[in-house]
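Examination of the molecular architecture
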Amino acid sequence: MSWNLHQHLGLYIRYLWCRVMNKCSTMALKWVMMCVGMLLFSGGGAFAQFAGGSGTSDDPYLIQSAIQLDSLRAYPNACFRQISDIDLNDYPDSTGDGWVPLCSFSSPFTGSYDGNGMRILNLSSSAMHNVRGLFAVIDGAEIRNLELNDFQINNGNSLGGLAGVARNSLVTGIRAYGTIFGNDIVGGIAGEIQNCVVSDCELDFFLYAHEAGGGVGGWVTSSQISNCSVSFSYGYMYYNFGGIVGYAVNTHISSCTVSGEMFGGSKSGGIVAEMIGGTVTNCHTLGGALQAGGPVGGIVGEAFGTGIADCSSSLFIRGHSQTGGAVGFLNAGASMSRCSAWGDVEGRGKTGGLIGTLTNSYAIDSFSRGNVSADHWSGAQSAGGFVGLISGTNYGILNCYSTGLVTSTGVNTGGFSGEGSSASVHSSYWDMESSGCSTSFAGLGRTTAQMTWPYDQDTYQGWNFSGIWHHDLQYGQGGYPLLLYSGVDISDPHTPPAQPKRIDVAPNPFREHTEISFDLPRRGLLQVEIFDLRGRKVRTLIDGTSAAGKHTSVWDGRNDDGKKLASGVYLVRVIYGAVTSIRRLTLLK
């Protein structure tokens, strides 16, 4: 008998043994069967279960084959390390349902599994029952540094690439690529995640299910998710579809990114579909589209008492009602700060460039730049460049702006807000020219010149340009203020600003007049002033915004009062943006 046949015979015997063990009706009987199994299958030769190790944290069991991976289920409390890629096409499938998930609710995996950067390929599970993945249930486990490549999990609830249910566990460094077709509570890492830490994961997969699904988890409570990247080749969920999490309670999500094509029914979000409490910080949706019913938003679909900060969305958003570039429905004491939306937004009722509906919540130091259209369905209502509807008695919008074109076939259309109160909207602006709107229920209308660098002095009053905002001196994004945490590829605010090209003064010396000539690379604030050698300003030639191109200013040797000045040496100072240039002039008798 060959070694390969021994391997498969050993695997098949252990497989049948574990199936029998999982059918045991009492915990006592299960433990008896487990102990017998350990006696039967420990030892050397053809039935050696692992490639080495003793199962401790210092000396974990070594796994290098599908046979040995399957044997893990008999040691749910042990420590393991994978030492080579494993192809589960080698796993004997006697039922046609594919892989039987490791461990269960009655005997969850509580040990540690170090994937060691290796892959598990061709995981396939299509049984008509719930709670499936590589593992069924992990509880108090630690799983790290593993790649799941080309997995496919079909049918049932609580499905995940790594686990059906994850509780009280640490999951880090997982890379998962595959497909999930399920019903409810599905996720790329786990369908249900409770009290876990999930970090540094990368997922790229096709997701199609009914309710509560996300790139990392479907239903997540009291957990922390950070530094995860999700890309959808295609994603569809009828209800509660989020790029990272479908439904989240008291969960903290940070430094995550999402891209791809996403389609949903009710409550969909680029990061989270529906969120109660918790926080979303430094998360960004990088490209693609999210088309759903509503509430729908590029970051969160519906937020109740959630803190959202330092996030941005570049998704194209299309929804039915309560549709926002970043949040569809901001409610119940929720807050947004230092957030931005760049993609276009289409909706029906309560549609805004950043927020669809804001009720008893706060938006501070945020902006929207995409176009807003409420023409996708007939009967459009409440369309605003920044927010569709403002309602409630305890809310506030401070230091925000919008610039996108706002169009609607219905009523209640505004450059900044479409409908609602304006009592607690302060120092917030919309561009009347780019929006095509001269009116708004809230906010202050300004021209493009007043809102772009260098701004008019009565625009952006009280804004913090040292720690929150910075000037777009290079006009890389049109000259509007940018957030230090805008999540887009912009010019480094600390790089040297553009300077005027060569400054020429001729004739010099001069008697009657001289011409000061220069080229401006971009439109910007320009000052041209004349000083005497004692530092006193005697003449202002230009003080305002000038267009890009060649400029010439003439000085006739007189001061601001029209009096001819004495002959001598004078200085011309040219200030363009943050750059100052000085030339000497000599006035002759």
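So, here's what we can say about the structure. This is a predicted model, so every value here is computed, not measured. (Residues numbered from 1 in each chain as written. Predicted model: local features only at pLDDT ≥ 70, side-chain atom pairs only at ≥ 80, totals over all residues. Heavy atoms only, no water.)

1. Focus on the packing of aromatic side chains
One pair of aromatic rings is described through two measures. These are the centre distance and the angle between the planes. Per the counting criterion, the structure on display carries 37 aromatic pairs. Here the aromatic rings of Tyr429 and Tyr460 are separated by 5.4 Å at their centres, their planes lie at 75°, and the arrangement is edge-to-face. Of this pair, Tyr429 sits in strand β47 (residues 429-431) while Tyr460 is found in the loop between α5 (448-451) and β49 (469-470), placing the two residues 31 residues apart along the sequence. Ring geometry for Tyr455 and Phe465: centres 5.7 Å apart, planes at 25°, overall stacked. Remark: Phe465 occurs in the loop between α5 and β49 and Tyr455 occurs in the loop between α5 and β49; sequence separation between them is ten residues. On the basis of relative accessible area, Tyr455 is assigned to the buried category, the value being 16%. Overall, the relative accessible area of 23% leaves Phe465 in the partly exposed class. Among the aromatic residues, ring-to-ring pairing joins Trp342, Phe367, Tyr401, Tyr429, Trp453, Tyr455, Tyr460, Trp463, Phe465, Trp469 and Tyr480 into one connected group. (Phe/Tyr/Trp six-rings, centres within 6.5 Å; stacked < 30°, edge-to-face > 60°. Helix = DSSP H or I, 4+ residues; strand = E, 2+ residues; numbered from the N terminus. Buried < 20%, exposed > 50% of the residue type's maximum accessible area, 1.4 Å probe, protein only.)

2. Focus: the pattern of salt bridges
If charged atoms from side chains of opposite charge come close, those side chains can pair. One pass over the full model with this rule turns up 15 salt bridges. Arg81 serves as the salt-bridge partner of Asp114, at 3.7 Å between the closest nitrogen and oxygen. You can see Asp114 sitting in strand β4 (residues 112-121) and its partner Arg81 sitting in strand β2 (residues 79-82), a full 33 residues away along the chain. Across the pair Arg119 and Asp85 runs a salt bridge, and its minimum N-O distance is 2.9 Å. Taken together, the residues Arg119 in strand β4 and Asp85 in the loop between β2 and β3 (86-87) connect sequence positions 34 residues apart. Counted as one network, the salt bridges with shared partners bring together Lys267, Glu274 and Glu302. (Salt bridge = Lys/Arg side-chain N within 4 Å of Asp/Glu carboxyl O.)

3. Here we look at the environment of Ala374
Relative to the elements of secondary structure, Ala374 occurs in strand β38 (residues 372-374). By relative accessible area, which is 0% here, Ala374 ends up buried. The sequence separation of Ala374 and Ser408 amounts to 34 residues, and the corresponding C-alpha distance is 4.6 Å.

4. So, the sheet that holds strand β45 (residues 417-420)
With parallel pairing, the eleven strands of this open sheet are ordered in space as β6-β9-β12-β15-β18-β21-β25-β30-β35-β40-β45. The open sheet has two edge strands with one neighbour each: β6 (135-139) and β45. This sheet shows a mean twist of 5° between the axes of neighbouring strands, independent of strand direction. (Pairing = 2+ DSSP bridges. Axes fitted to C-alpha atoms, helices over the stretch in contact; angles between N-to-C directions.)

5. Describing the sheet that holds strand β55 (residues 549-555)
Each strand in a sheet pairs with another by means of backbone hydrogen bonds, the pair being arranged parallel or else antiparallel. Ordered in space as β51-β52-β55, the three strands form an open sheet in which the pairing is antiparallel. Looking along the sheet, the strands with just one partner apiece sit at the ends: β51 (504-506) and β55. The average undirected angle you get between the axes of adjacent strands in this sheet is 20°. By the bridge criterion, seven bridges tie strand β52 (residues 514-520) to β55 in an arrangement that is antiparallel. Along β55, the bridge assignment pairs Thr514 with Trp555.

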